[in-house]
Amino acid sequence: MKIKGRGALSNREGRFARYEREPDGDALDDALRDDDAPAPPATELYVDTARTIIAHNKSPDLGFSQSINPYRGCEHGCIYCYARPSHSYLDLSPGRDFETKIFYKPNASELLRAELAAPGYVVSPIALGTNTDPYQPVERQLRVMRGILEVLLERRHPLTIVTKGGLILRDLDLLEQLAADGLVAVMVSITTLDDELKRRLEPRTAGPNLRLKMVRELVARGVPTGIMAAPIIPGLNDHEIEHILEASAAAGAQSAGYVLLRLPHELKELFEEWLHEQYPQRAAHVLSLLRQMHGGELYDSSFHGRQRGAGPFAALLRARFERARRAFGLEREATLNTGLFRPPAAPGGQLDLWSH
């Protein structure tokens with residue numbers, strides 16, 4: 001069932017669900033408005049009682065070894081989000097629960113400071129926005145991401161950000177200072193330039209024009225900024241590759257990347273459900289192209305294959321992207337400075353002389 005401002009059409013159980021829930025028909029009837037449109041479910045906030053904040057990985061197809069995700073769940077409601085299945089670990093649905101039950105880390109800054117002070121900590125750029133968006137709407141009031149930026153700036157620690165949230169412009173003051181020391185690079189995610197497709201795919205995100213404005217304003221403040229054309233959904237937005245890169249270059253973007261649509265675990269069913277409802281005439285073609293790029297399956301979880309796919313159509317997408325990237329000069333990758341890091345004093349240790 002479509003609900004304005006939400007991406008998923010259902011709230012199907014996650015793969016680890018201990019109970020099976022059934023909708024209460026009477027309650028659903030009471031929730032309907034006069035025009036029979038269901039009332040949008042409110043966002044619920046929960047404290048994430050995390051003991052650590054930095055996640056580490058050794059994946060050969062990722063460009064980072066450590067990351068921070070300030071939030072679990074995301075109000076943006078992007079139907080394609082590959083982080084949706086992670087809500088199953090909380091015994092919640094990767095569907096509408098993922099968009100409406102948001103977990104945040106109120107002690108993120110304290111946890112980060114402690115981990116940066118750990119003996120033997122090795123500096124490597126910390127990636128933010130690799131799972132859920134750190135600039136989703138709830139960040140406006142919770143300011144978890146800003147607190148993390150303040151710690152990283154204070155300690156001169158390098159970081160990268162991927163976002164589609166216009167709220168990043170609130171933090172231009174911090175990002176400008178980080179950029180002055182070569183400590184930050186930002187990738188703005190641009191999925192489409194089509195407002196209607198954006199509304200259906202990513203109901204609570206910044207529109208295409210605002211994302212291009214984000215690029216312009218970040219670059220104007222000296223922040224190295226590229227764009228991520230992601231995800232590329234064959235038969236739905238792949239025809240926009242060249243247009244997205246051209247508009248991004250005109251806005252001042254310095255680099256570009258792309259990722260193919262990924263459909264792990266429950267996301268397959270959620271995306272298929274959405275696709276048949278929103279684009280019934282294209283659904284069979286889109287799913288056929290995805291299977292062509294994943295050996296007959298909708299998704300291949302193998303390293304490298306999950307990001308770009310394989311086969312003739314995947315090769316064509318790569319060739320088109322690389323040609324456009326060269327044509328529009330989007331090959332200026334930022335190099336971050338890891339030599340300025342000042343570790344905090346360990347709890348109970350000596351005063352940090354660098355901060356005085």
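The text that follows walks through the structure, step by step, so that each part is easy to find. Sequence order as written defines residue numbering, which begins from 1 separately in each chain. For this predicted model, a pLDDT threshold of at least 70 governs which residues receive local features, and a threshold of 80 or more governs which side-chain atom pairs are given and counted, while totals over whole chains, interfaces and linings are taken from all residues. Calculated side-chain values reflect all of the structure's heavy atoms, with hydrogen atoms and water omitted.

The subject of this paragraph is the nonpolar core. Counting 63 residues, the largest nonpolar core has L112, L149, I161, I168, L175 and I227 as the members making the most contacts within it. Numbering of helices and strands runs from the N terminus; a helix is a DSSP stretch of H or I covering at least four residues, while a strand is a stretch of E covering at least two. Ranked by residues supplied to this core, first place goes to helix α5 (residues 144-154) with seven residues. Contacts are residue-level and defined by heavy atoms, with any inter-residue pair within 4.5 Å sufficient. Residues contacting L149, with those up to four places away along its chain left out, are Y135, L159, I161, D171, L174, L175 and L178. If you look at the next biggest cluster of nonpolar residues, it comprises 25 residues, including C74, C78, L267 and Y279. Nonpolar cores are built from buried Ala, Val, Leu, Ile, Met, Phe, Trp, Tyr and Cys residues. Side-chain atoms within 4.5 Å join them into one set. Any residue under 20% of the maximum accessible area for its type is buried, any over 50% is exposed, and the rest in between are partly exposed; the area is computed with a 1.4 Å probe on protein chains only.

Quick look at the environment of L149 now. Of note, L149 is situated in helix α5. Relative accessible area serves as the criterion here: at 0%, L149 is assigned to the buried category. Through-space distance from the C-alpha of L149 to that of L178 is 9.0 Å; in sequence the pair is 29 residues apart.

With that settled, consider the environment of R84. When you line up the elements, R84 lands in the loop between β4 (71-72) and α2 (96-100). Engagement of the side chain of R84 in a polar contact is seen with the side chain of E99, the distance being 2.8 Å. For the purposes of these results, a polar contact is taken to be a pair of N or O atoms within 3.5 Å, where, inside protein, one atom must be able to donate a hydrogen and its partner to accept one; residues adjacent in sequence count only when each atom of the pair is a side-chain atom.

One fewer than the residue count of a helix, multiplied by 1.5 Å, yields its expected span. Between its first and last C-alpha, helix α10 (residues 267-278) extends 16 Å over 12 residues, near the 16 Å set by a 1.5 Å rise per residue. What α10 keeps buried is the set L267, L270, F271, W274, L275 and Q278. Within α10, the buried residues cover an arc of 130° as seen down the axis, which keeps them to one side. On its buried side, α10 packs onto α7 (195-201) and α11 (283-293). What the arc describes is the spread of directions from the helix axis to the C-beta atoms.

Attention now goes to the sheet that holds β4. A strand pair is defined by DSSP finding two or more bridges across the two strands. Spatially, β1-β5-β4 is the arrangement adopted by the three strands of the open sheet, whose pairing is mixed. Since the sheet does not close on itself, it has two edges, and those belong to β1 (44-47) and β4, each with one partner. Alignment of β1 against strand β5 (residues 101-104), held across four bridges, turns out to be parallel. Note on β5: the bridge partner recorded for Y46 is F103.

Take helix α13 (residues 312-327) next. Look at α13: 22 Å from first C-alpha to last across 16 residues, which is about the 22 Å you get at 1.5 Å a residue. Along α13, the residues that are buried comprise F313, A314, L317, R320, F321, A324 and R325. Here the buried residues of α13 occupy an arc of 130° about the axis, which is enough to place them on one side. Opposite its buried face, α13 presents the exposed residues P312, R326 and A327, each directed more than 90 degrees away. Buried residues in α13 make contact with β9 (225-232), α9 (241-250), β10 (256-260), α11 and α12 (305-308). Phi turns positive one or two residues past the end of α13, at G329, with a value near 65°.

As a further point, take the packing of aromatic side chains. Pairing of aromatic rings covers Phe, Tyr and Trp, the last through its six-membered ring, and needs centres within 6.5 Å; plane angles under 30 degrees mean stacked, over 60 mean edge-to-face, and all others mean tilted. What the rule picks out here adds up to five aromatic pairs. Centroid distance Y46 to F103: 5.1 Å. Interplanar angle 25°. Geometry classified as stacked. Of this pair, Y46 sits in strand β1 while F103 is found in strand β5, placing the two residues 57 residues apart along the sequence. When the centroid spacing of 4.7 Å and the interplanar angle of 45° are considered together, the rings of Y258 and F321 count as tilted. You can see Y258 sitting in strand β10 and its partner F321 sitting in helix α13, a full 63 residues away along the chain. The burial state of Y258 is the same as that of F321; both residues are buried. An aromatic cluster is present here, built from F271, W274 and Y279 joined pairwise through their rings. One Lys or Arg, R200, reaches over the ring of Y279 and ends 4.8 Å from the middle of that ring. Lysine and arginine charges are scored as sitting over a ring when NZ or CZ, respectively, is within 6 Å of the ring centre and within 35 degrees of the ring normal.

Salt bridge, as used here, is a side-chain nitrogen of Lys or Arg placed within 4 Å of a carboxyl oxygen of Asp or Glu. This model, assessed by the stated rule, comprises 22 salt bridges. Residues R146 and E150 are paired through a salt bridge, measuring 3.6 Å at the closest nitrogen-oxygen approach. On the criterion of helical spacing, the pair formed by R146 and E150 is a turn pair, its members being four residues apart in helix α5. Here R146 falls in the buried class, since its relative accessible area comes to 11%. Put simply, R200 and E196 hold a salt bridge, and the shortest N to O gap is 2.9 Å. Here the residue R200 and the residue E196 both occupy positions in helix α7, the gap between them amounting to four residues, near one helical turn.

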